Amino acid sequence: DSWIEGEIRQPLLQGGGAEFNRIAGPGATPGIYNGVLIAKANSDINHAEFMASLRDYVSNVENSYWDLYLSYRELDARKKAMEKALVVWNRAKAQDTAGSFNIADEALARQQYYQLKADVDEALSGRLLQGTQTQNGSGGGTVQMSGGVLAAERRLRLLIGMPAADGQLMRPSEEPTMANISFDWHSCMNESIRQRPELQRQHITVKKREMELLAAKNFLNPRLDAIGRYRVRGFGDHLIGSGGSTGAPTPSSSLGNLAAGDQQEWTLGVELTVPIGYRKAHAAVQNAELAVSRERAIQKEQQREVVSNLSGAIADAVRAFQAVQNNLNQYLAAESYLKALETRENSGQNDSTDRILDAQRRLVQAEIQFFRAR
């Protein structure tokens, strides 16, 4: 007994409809969906994750650039302070040699010179500290300790794909702006909610879970299929052979009888399958509803976090501009104070050595704070 048959089956209730099949895909079962719409949603999610990583990478490159800028500014400030300390030390040493016996001033100047020289060496070579980066507790990255010129340069070279050392030093050519930038809150908030890759990814995830819930509800319907079947059968004493049976022209082999095409059947009808209790379908629906609720809760929390971070970033921009103004005034005052002391020194009005050294320390710290705030 051999046969060849073909069947056309069209689901009318469970498994029916183009939307369900585009979501669930071929051979769908409750809880497992692999249709083209799900595949497209997964692709869009991967794209949003890539865009988020790309945004963080660009931000880290920019942060590393300004870290290197600050490292050079800190090095320049400490070098100028070291040179001024060396002048004070030489003067104190000359006075001590001349017989004034001001040993304390000479030792204090010498101590400050070597302290500043150590700071210069540290500002040049640096240590392997973590640089400014995104997602460090503040939006965009709050400036960290620079870590030194060479360490900051190696970090920037690593990020932009350059060799760690090629016999040249990189120095940033741009200057950070000192202009006061005002941000419109409502436009910034709408733009961030619309364009943040994390929110785009979560929005797609919510839509994906909603499609899975729609597909899961389809399995709550009974299985009612319209069926069309056509069959060609073959009967014989042997599977393969030749010749006819005794007293009949019919081939004695099953395949030979099948090839003759004398035994044909067809069927048209409907087939109904009703699972008792729909337990598997109900479990799939409950799981899909839980997944939708979870993703919506995550979406709501992410939106709240984005708005909160945006509010903090705008407030921090205002604070940073005020810090630039305050530190600039502090730097100018410290510079004027040191120049006044040097003018008095040149005119013969000698001030105490510790006062001059203290003014130098104030100036270098004010200069570094100003460029960090800038």
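Novice: Can you help me understand the overall build of the protein chain in this one?
Specialist: On a plain count of helices and strands, the protein chain comes out with nine helices and three strands. Sorting the 374 residues of the protein chain into buried and exposed places 33% on the buried side. When contacts within the protein chain are restricted to residue pairs at least 6 apart in sequence, those whose partners lie at least 24 apart make up 76%. A total of about 22400 Å² of accessible surface is found on the protein chain, and carbon and sulfur atoms cover 55% of it.

Novice: When you look at the pairing of strand β2 (residues 223–234) in this model, what are you seeing that I'm missing?
Specialist: With 10 bridges connecting them, strand β1 (residues 2–11) and β2 associate as antiparallel partners. Looking at β2, one finds that serine 2 is bridged to glycine 234. Summarising the sheet, β2 and strand β3 (residues 263–273) pair through 11 bridges and their orientation is antiparallel. Residue pairing in the sheet places leucine 224 in a bridge with leucine 272 of β3.

Novice: Help me understand the packing of aromatic side chains, please; the structure alone is not making it clear to me.
Specialist: Given two aromatic rings, one states the distance between the centres and the angle between the planes to describe the pair. Evaluation of the coordinates by the stated rule reveals eight aromatic pairs. Here tyrosine 113 and tyrosine 114 contribute two aromatic rings whose centre-to-centre distance is 5.1 Å and whose plane-to-plane angle is 70°, an arrangement assigned as edge-to-face. A residue is classified by how much of its surface remains accessible, and tyrosine 113, at 12% relative accessible area, is buried. Taking relative accessible area as the criterion, tyrosine 114 reaches 46% and is therefore assigned partly exposed. Site record: aromatic cluster; members linked through ring pairs are Tyr65, Trp66 and Tyr69. For the cation-ring pair, lysine 93 lies above tryptophan 89, with the distance from its terminal atom to the ring centre recorded as 4.6 Å.

Novice: What is the right way to look at the pattern of salt bridges in this model?
Specialist: Two side chains carrying opposite charge are able to pair once their charged atoms lie near each other. Inspection of the entire model under this criterion finds 34 salt bridges. In this structure, the salt-bridge partner of arginine 233 is glutamate 265, at a minimum N-O distance of 3.9 Å. With arginine 233 in strand β2 and glutamate 265 in strand β3, this pair connects stretches of sequence that are 32 residues apart. Owing to a relative accessible area of 16%, arginine 233 belongs among the buried residues under this scheme. One continuous salt-bridge network, built from bridges that share partners, spans Glu7, Arg9, Arg223, Asp225, Arg229 and Glu271.

Novice: How should I be thinking about a nonpolar patch on the surface in this particular structure?
Specialist: Among the surface-exposed residues, Phe50, Met51, Leu54, Tyr57, Val58, Ile160 and Met162 lie close enough to one another that they form a single nonpolar patch of about 580 Å² accessible area. Among the elements that take part in the nonpolar patch, helix α2 (residues 36–100) stands out by supplying five residues, more than any other.

Novice: Explain the side chain of arginine 157 here, please?
Specialist: The topology assignment puts arginine 157 in helix α4 (residues 149–160). We classify arginine 157 as buried; its relative accessible area is 2%. Leave out the neighbours within four places in its chain, and arginine 157 touches Met162, Pro163, Ala164, Asp166, Gln168 and Met170.

Novice: Even after reading the chapter, I still don't get the sheet that holds β2, so can you show me in this structure?
Specialist: Through backbone hydrogen bonds, the strands of a sheet pair up, either in parallel or in antiparallel fashion. With antiparallel pairing, three strands are arranged side by side in an open sheet as β1-β2-β3. In the strand order of this sheet, the two ends are held by β1 and β3, each with one partner. Strand-to-strand twist of the sheet, defined as the mean angle between neighbouring strand axes without regard to direction, takes the value 15°.

Novice: Is there a simple way to think about the confidence of the model for the protein chain in this case?
Specialist: Parts of the prediction with low pLDDT should not have their coordinates interpreted in detail. In this model, the protein chain carries an average pLDDT of 87, and 90% of its residues clear a pLDDT of 70 or more. The lowest-confidence element of the protein chain is helix α7 (residues 254–260), averaging 84 in pLDDT; the highest-confidence one is helix α6 (residues 197–218), averaging 95.

Novice: Can you walk me through the packing of α6 against helix α8 (residues 279–346) in this structure?
Specialist: Two quantities define a packed helix pair, namely the angle between the axes and the distance from one axis to the other. At their nearest, the axes of α6 and α8 sit 9 Å apart, and the two run at 165° to each other. Classified by the interaxial angle, the pair formed by α6 and α8 is roughly antiparallel. In terms of crossing hand, the pair formed by α6 and α8 is left-handed. Looking at the contact of α6 with α8 residue by residue, the class counts come to 11 nonpolar, six polar and eight charged.

Novice: What's the story with the packing of helix α3 (residues 103–125) against α4 in this structure? I'm lost.
Specialist: Here α3 crosses α4 at 10°, and the two axes come no closer than 3 Å. Taken together, the axis directions place α3 and α4 in an arrangement best described as roughly parallel. Together, Ala123, Leu124 and Ser125 of α3 and Val149, Leu150 and Ala151 of α4 make up the contact between the two elements. In terms of residue class, the contact of α3 with α4 is built from five nonpolar, one polar and no charged.

Novice: How should I be thinking about the environment of leucine 290 in this particular structure?
Specialist: On the secondary structure map, leucine 290 appears in helix α8. Judged by its relative accessible area of 59%, leucine 290 is exposed. Spatially, the C-alpha atoms of leucine 290 and leucine 213 are 9.5 Å apart, while their sequence positions differ by 77 residues.

Novice: Help me understand the side chain of glutamate 106 in this model?
Specialist: With respect to the secondary-structure elements, glutamate 106 resides in helix α3. Glutamate 106 sits in the buried class, given a relative accessible area of 10%. Here glutamate 106 is in contact with Trp89, Ala92 and Lys93, once residues within four sequence places are set aside.

Novice: Sorry if this is basic, but what is going on with the environment of glutamine 325 here?
Specialist: Tracing the sequence through the fold places glutamine 325 in helix α8. The spacing of glutamine 325 and phenylalanine 370 is 45 residues in sequence and 8.5 Å in space, taken between C-alpha atoms.

Definitions and cut-offs
- Residues numbered from 1 in each chain as written.
- Predicted model: local features only at pLDDT ≥ 70, side-chain atom pairs only at ≥ 80, totals over all residues.
- Heavy atoms only, no water.
- Helix = DSSP H or I, 4+ residues; strand = E, 2+ residues; numbered from the N terminus.
- Buried < 20%, exposed > 50% of the residue type's maximum accessible area, 1.4 Å probe, protein only.
- Contact = heavy atoms within 4.5 Å.
- Areas by Shrake-Rupley, 256 points an atom, 1.4 Å probe, with all protein chains shown as cover.
- Pairing = 2+ DSSP bridges.
- Phe/Tyr/Trp six-rings, centres within 6.5 Å; stacked < 30°, edge-to-face > 60°.
- Lys NZ or Arg CZ within 6 Å of the ring centre and 35° of its normal.
- Salt bridge = Lys/Arg side-chain N within 4 Å of Asp/Glu carboxyl O.
- Patch = residues over 30% accessible without salt bridge, like charges linked within 9 Å, V, L, I, M, F, W, Y side chains within 5 Å.
- Axes fitted to C-alpha atoms, helices over the stretch in contact; angles between N-to-C directions.
- pLDDT = per-residue confidence, 0-100.
- Parallel < 35°, antiparallel > 145°, perpendicular 65-115°, else oblique.
- Left-handed = near helix turned anticlockwise from the far one by under 90°.
- Nonpolar A, V, L, I, M, F, W, Y, C, P; charged D, E, K, R; others polar.

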